[in-house]
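# What the coordinates show
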Amino acid sequence: QKQGSTPKLVIFGGFTSAEGDGSASSLGGRCFSDVHVLDLEKHFWTTPEVSEIVPAARWGHSAVIVEDKLVVFGGYSSTSVQGNTFFNDFNVLDLEAWTWSRPTPTGKAPCERWGNSV
């Protein structure tokens, strides 16, 4: 976050159960690939328009803000079409331009995982 800018909470993705009770084991739940931002001074939510290229919907991923970028790694998705998917991809959201990119790191990447911390 740049000096002098308003502190914000940035949320990417997540999961909701079909019953709305928050149970991750509920069948028929839904994964998200959207972005929401909470201005921590005004307590006001916004949904920025992001680039058309967006990471797959997921939950249980790691996310951290580094300077003006949201860095997302891994996660899990379960859909009736694709079944269970575990990710080990690396995605970056530019928080000024609101564009996603998928850098290609070198070296041996960690295996697919979810529920990990950064």
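First, a word on scope: everything that follows refers to the structure included in this document. (Residues numbered from 1 in each chain as written. Predicted model: local features only at pLDDT ≥ 70, side-chain atom pairs only at ≥ 80, totals over all residues. Heavy atoms only, no water.)

Secondary structure summary: the protein chain contains zero helices and seven strands in total. Mapped from its N terminus to its C terminus, the protein chain presents α and β elements in the order β-β-β-β-β-β-β. Counting only residues that meet the buried cut, the protein chain has 30% of its 118 residues in that class. When contacts within the protein chain are restricted to residue pairs at least 6 apart in sequence, long-range pairs at least 24 apart make up 48% of them. Surface exposure of the protein chain reaches about 7800 Å², of which carbon and sulfur atoms provide 54%. (Helix = DSSP H or I, 4+ residues; strand = E, 2+ residues; numbered from the N terminus. Buried < 20%, exposed > 50% of the residue type's maximum accessible area, 1.4 Å probe, protein only. Contact = heavy atoms within 4.5 Å. Areas by Shrake-Rupley, 256 points an atom, 1.4 Å probe, with all protein chains shown as cover.)

The nonpolar side chains of soluble globular proteins are, as a tendency, buried together. Val-10, Phe-12, Val-35, Val-37, Leu-70, Val-72, Leu-93, Leu-95, Trp-98 and Trp-100 form the largest nonpolar core, which has ten residues in total. Looking at this core, the elements that each hand over two or more residues are β1 (8-16), β2 (30-39) and β5 (69-79). Setting aside chain neighbours within four positions, we find Trp-100 in contact with Phe-12, Val-35, Val-50, Ser-51, Ile-53, Val-54, Pro-55, Val-72, Asn-91, Val-92 and Leu-93. (Core = buried A, V, L, I, M, F, W, Y, C linked by side-chain atoms within 4.5 Å.)

A few words on a nonpolar patch on the surface. Among the surface-exposed residues, Leu-9, Ile-11, Leu-40 and Trp-45 lie close enough to one another that they form a single nonpolar patch of about 350 Å² accessible area. Mapped onto the elements of the fold, Trp-45 is located in strand β3 (residues 44-46). Here Trp-45 falls in the partly exposed class, since its relative accessible area comes to 45%. (Patch = residues over 30% accessible without salt bridge, like charges linked within 9 Å, V, L, I, M, F, W, Y side chains within 5 Å. Salt bridge = Lys/Arg side-chain N within 4 Å of Asp/Glu carboxyl O.)

Below, the discussion takes up the environment of Leu-95. Along the chain, the position of Leu-95 falls in the loop between β6 (83-94) and β7 (99-101). In this structure, the C-alpha to C-alpha distance between Leu-95 and Lys-69, residues 26 residues apart in sequence, is 5.5 Å.

Functional significance is not addressed by these values, which are geometric in nature.
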